[in-house]
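# Architecture at a glance
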Amino acid sequence: IPSIGIAKKLLLGEYVQPLKRGGYSLIRYDEKILGAAFQMMGPPANPIIISQGHKITLYTVANIMREFVYFQKYPSKLPLPLHLADRLASEKMGEY
């Protein structure tokens, strides 16, 4: 099964800020491409970090993310399934 990586913050590497909604900029470290910074919402929102996983290319991941950007009706920095999971996790952490 193909898999992709999505994170809210960059841990390693550098990128040039994507300029528009649906745009992305490659993340580089030691001359290697690690992933991409993808702009889910228009500036000034920070981009999310995407990376290719098993059996998928970074280009395909970026195209999948564009589908979320253009067809997701709920305005969020993350794709809706991840937004809901992130919100639930934050609520549960507040309980402890």
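Above: the structure in question.
What this report covers is the structure whose coordinates are included nearby. Since the structure is predicted, the reported quantities are computational estimates derived from the model, not experimental observations. (Residues numbered from 1 in each chain as written. Predicted model: local features only at pLDDT ≥ 70, side-chain atom pairs only at ≥ 80, totals over all residues. Heavy atoms only, no water.)

## Description of a nonpolar patch on the surface
A surface patch of nonpolar side chains, about 420 Å² in accessible area, is lined by Leu 11, Leu 12, Tyr 29 and Leu 34. By secondary structure assignment, the location of Tyr 29 is in strand β2 (residues 24-29). Tyr 29 gets classed as partly exposed once you look at its relative accessible area, which sits at 37%. (Patch = residues over 30% accessible without salt bridge, like charges linked within 9 Å, V, L, I, M, F, W, Y side chains within 5 Å. Areas by Shrake-Rupley, 256 points an atom, 1.4 Å probe, with all protein chains shown as cover. Salt bridge = Lys/Arg side-chain N within 4 Å of Asp/Glu carboxyl O. Helix = DSSP H or I, 4+ residues; strand = E, 2+ residues; numbered from the N terminus. Buried < 20%, exposed > 50% of the residue type's maximum accessible area, 1.4 Å probe, protein only.)

## Some details on helix α1 (residues 58-71)
The end-to-end C-alpha distance of α1 is 20 Å, a good match for the 20 Å that 14 residues give at a rise of 1.5 Å each. Looking at α1, one finds that the buried residues are Leu 58, Val 61, Ala 62, Met 65 and Val 69. Buried positions in α1, seen along its axis, are confined to an arc of 100° and lie on one side of it. Seen from the buried face of α1, the exposed residues on the opposite side, beyond 90 degrees, are Tyr 59 and Phe 71. Buried residues belonging to α1 abut β1 (4-7), β2, β3 (32-38) and β4 (48-52). (Expected span 1.5 Å × (residues − 1). Arc of directions from axis to C-beta. Contact = heavy atoms within 4.5 Å.)

## Digging into the nonpolar core
Nonpolar side chains tend to gather and get buried jointly when the protein is soluble and globular. Ala 36, Phe 38, Met 40, Ile 48, Ile 50, Ile 56, Leu 58, Val 61, Ala 62, Met 65, Val 69 and Leu 78 form the largest nonpolar core, which has 12 residues in total. Where this core is concerned, the elements lending two or more residues are β3, β4 and α1. Top element by residues in this core is α1. It accounts for 5 residues. (Core = buried A, V, L, I, M, F, W, Y, C linked by side-chain atoms within 4.5 Å.)

## Side note on the pairing of β3
In the sheet, β2 pairs with β3 via 6 bridges, with the strands oriented antiparallel. When the sheet's bridge partners are listed, Ser 25 is paired in β3 with Ala 37. Hairpin remark: β2 followed by β3, antiparallel, with 2 residues in the connecting loop; positive phi at Asp 30, about 50°. Pairing analysis gives 3 bridges linking β3 to β4, with the strands arranged antiparallel. Within β4, the residue paired with Ala 37 across the bridge is Ile 49. (Pairing = 2+ DSSP bridges.)

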